[in-house]
Amino acid sequence: MKTVSIIIINFNTSAITLKCIETLMQYFPHRDLNPEVILVDNNSAYDDYENLKQGLAEKFNTVKLIRRKLNAGFAGGNMTGFEYATGDYLMLVNNDVFFTHDIFTSSVDYLERHSEVGVCGGLPILENGNRIPPFGHNETFLYKLLGNWLYEKLFSGVAKKEKEYTEPTEVDYVPGCYMAFRMDVFRNIGGLDSNIFLYYEEMDISERLRKKGLKTMYVPGMEYIHATGSSTSRNFNRKKELIVSNLYVVRKNHGYFQYLLLKVFFMIVYFFKALVKWRYFKLWWVIMTMGSPLAHSMRHQQRISDR
């Protein structure tokens, strides 16, 4: 029997996390696969951690709970969980993902039959039933400049976000809320880049896989509910983090010139936004004076907990 390691991150949303695990356990094919669920608490408030621990003890005592005393972000939290993972397959699952049927068997079967695939994902659906695009395009300068509609019109060979696919389709990256890997592939690629605190981790790892000759695939039929935004809010720091991570990933994977173009693009966009709404001035100024993008990451605002 093959073991599937499933890593979930909690940050101050224990009730949502417990619901995620409940649906996971309900639809996991226990007779065919062996689940190894690893839950990393990313330095939540201690009350939330205690609630999480109590909920696991009452219903899910096989789940491995790891408490971090420093919030390491999405990539760092998942890599902490990876240190405890022993499975043949690895699935990274957001804590605000709720399962409605077994997509684990489909993920394992697809990866097992396609050695050329590095990572696969499915279709996220909002709680109101609306469909979320099941993949993204690399957010380089050209994509940002053209926008999604014009980009897909001009580059007819790229996958279309709004199209309903019936066959597996190669894409730039699948949403980070559910990603399935063979364990050896994830290990050999070096896992997620822990320099990234939040956002664009999936774009980065898919680019690194592509450079190794491995594909990123969207697989229709693997649907799940994503209560998007349950553990994050779009305040100033998070808007800044989107830009910081985008610039870092583009510089890392596409080179300095692409990074420079993207930075100038952000400078121009937020300059005009600041003319209309003054609150954007601070963000424009950060971009204008930014040296190393990662120096402005929320990572540097985290504090070590004493328990």
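Everything that follows concerns the structure shown earlier in this document.
The model shown is predicted, which means the values in this text are computed figures rather than measured ones.

1. Structural notes on the overall build of the protein
Thinking step 1. The secondary structure content of the protein amounts to 10 helices and 9 strands.
Thinking step 2. Relative to the 2.2 N^0.38 estimate, which gives 19 Å for 307 residues, the radius of gyration of the protein is 19 Å and therefore close to what a compact globule would have.
Thinking step 3. Projected onto the principal axes, the alpha-carbon positions of the protein cover approximately 55 × 50 × 40 Å.
Thinking step 4. Sorting the 307 residues of the protein into buried and exposed places 54% on the buried side.
Thinking step 5. A total of about 14,200 Å² of accessible surface is found on the protein, and carbon and sulfur atoms cover 53% of it.
Thinking step 6. Between the averaged position of the 37 positive side-chain charges in the protein and that of its 32 negative side-chain charges there is a distance of 8 Å.

2. Comments concerning the nonpolar core
Thinking step 1. Phe186 and Leu192 are the most contacted members of the largest nonpolar core, which has 58 residues in total.
Thinking step 2. Those residues in contact with Leu192, other than ones at most four positions away along the chain, are Phe74, Ala75, Asn78, Met79, Leu92, Met179, Phe186, Glu201, Ile205 and Arg208.
Thinking step 3. By size, the runner-up hydrophobic cluster in this structure holds 37 residues, among which are Ile21, Leu39, Leu56 and Met91.

3. Some words on the pattern of salt bridges
Thinking step 1. Across all of its chains, the model carries 9 salt bridges by this definition.
Thinking step 2. Among the ionic pairs, Lys64 bridges to Glu36, the shortest N-O distance being 2.9 Å. Residue Lys64 is found in strand S3 (residues 64–68), and its partner Glu36 is found in strand S2 (residues 33–42); the two are separated by 28 residues along the sequence.
Thinking step 3. For Glu36, a relative accessible area of 9% translates into the label buried.
Thinking step 4. Bridged by salt links that share partners, the residues Asp193, Asp204, Arg208 and Lys252 form one connected network.

4. What about the pairing of S3?
Thinking step 1. Bridge count between S2 and S3: 5 bridges; the pairing is parallel. When the sheet's bridge partners are listed, Val40 is paired in S3 with Ile66.
Thinking step 2. Taking the sense of rotation as the criterion, the β-α-β connection linking S2, helix H2 (residues 46–59) and S3 turns out right-handed.

5. Here we look at the packing of aromatic side chains
Thinking step 1. Tallied over the full model, the rule gives 22 aromatic pairs.
Thinking step 2. Taken together, a centroid distance of 6.4 Å and an interplanar angle of 80° make the contact between Tyr165 and Tyr218 edge-to-face. Taken together, the positions of Tyr165 in the loop between helix H5 (141–154) and strand S7 (169–170) and Tyr218 in strand S9 (residues 215–226) put the pair 53 residues apart, joining distant regions of the chain. By the burial criterion, Tyr165 is buried, and Tyr218 matches it.
Thinking step 3. The interplanar angle of 40° and the centroid separation of 5.6 Å between the aromatic rings of Phe281 and Trp284 together place this pair among those described as tilted. Residue Phe281 and its partner Trp284 are located together in helix H10 (residues 281–289), separated by 3 residues, close to a single helical turn.
Thinking step 4. Here Phe281 falls in the partly exposed class, since its relative accessible area comes to 30%.
Thinking step 5. A connected cluster of aromatic rings, assembled from ring pairs, spans Phe271, Phe272, Trp278, Phe281, Trp284 and Trp285.
Thinking step 6. The ring centre of Phe98 lies 4.3 Å from the NZ or CZ of Lys19, which sits over that ring.

6. Regarding the side chain of Ser297
Thinking step 1. For Ser297, the position within the fold is in the segment after H10.
Thinking step 2. Within the local environment of Ser297, its side chain forms a polar contact with the side chain of Glu241, the two groups lying 2.7 Å apart.
Thinking step 3. If near-sequence neighbours (up to four positions away) are discounted, Ser297 is found in contact with Phe197, Glu241 and Val244.

7. Regarding the environment of Tyr46
Thinking step 1. You can see Tyr46 is positioned in helix H2.
Thinking step 2. In this structure, the C-alpha to C-alpha distance between Tyr46 and Arg307, residues 261 residues apart in sequence, is 7.7 Å.
Thinking step 3. Each residue touching Tyr46, except ones within four places of it in the same chain, is listed here: Lys53, Arg67 and Arg307.

8. Notes on the pairing of strand S8 (residues 178–182)
Thinking step 1. Burial within S8 is extensive, with 5 of its 5 residues counted as buried.
Thinking step 2. Alignment of strand S4 (residues 89–93) against S8, held across 5 bridges, turns out to be antiparallel. When the sheet's bridge partners are listed, Val93 is paired in S8 with Tyr178.
Thinking step 3. Sheet topology places strand S6 (residues 117–125) next to S8; 2 bridges connect them, and they run antiparallel. Counted as the bridge partner of Val119 is Phe181 from S8.

9. Looking at unusual backbone geometry
Thinking step 1. Unusually for a residue other than glycine, Asn43 sits at a positive phi of about 60°.
Thinking step 2. Position of Asn43 relative to the elements: it lies in the loop between S2 and H2.
Thinking step 3. Residues other than glycine seldom take positive phi values, yet Tyr199 does so here, at roughly 80°.
Thinking step 4. By the secondary structure assignment, Tyr199 is in the loop between helix H6 (183–189) and helix H7 (201–211).

Each value, and the rule that gives it
Residues numbered from 1 in each chain as written. Predicted model: local features only at pLDDT ≥ 70, side-chain atom pairs only at ≥ 80, totals over all residues. Heavy atoms only, no water. Helix = DSSP H or I, 4+ residues; strand = E, 2+ residues; numbered from the N terminus. Rg over C-alpha atoms; globule rule 2.2 N^0.38 Å. Buried < 20%, exposed > 50% of the residue type's maximum accessible area, 1.4 Å probe, protein only. Areas by Shrake-Rupley, 256 points an atom, 1.4 Å probe, with all protein chains shown as cover. Lys, Arg positive; Asp, Glu negative; His and termini not counted. Charge placed at Lys NZ, Arg CZ, Asp CG, Glu CD. Core = buried A, V, L, I, M, F, W, Y, C linked by side-chain atoms within 4.5 Å. Contact = heavy atoms within 4.5 Å. Salt bridge = Lys/Arg side-chain N within 4 Å of Asp/Glu carboxyl O. Pairing = 2+ DSSP bridges. Right-handed = clockwise from strand over helix to strand, strands pointing away. Phe/Tyr/Trp six-rings, centres within 6.5 Å; stacked < 30°, edge-to-face > 60°. Lys NZ or Arg CZ within 6 Å of the ring centre and 35° of its normal. Polar contact = N/O pair within 3.5 Å; in protein donor to acceptor, adjacent residues only side chain to side chain.

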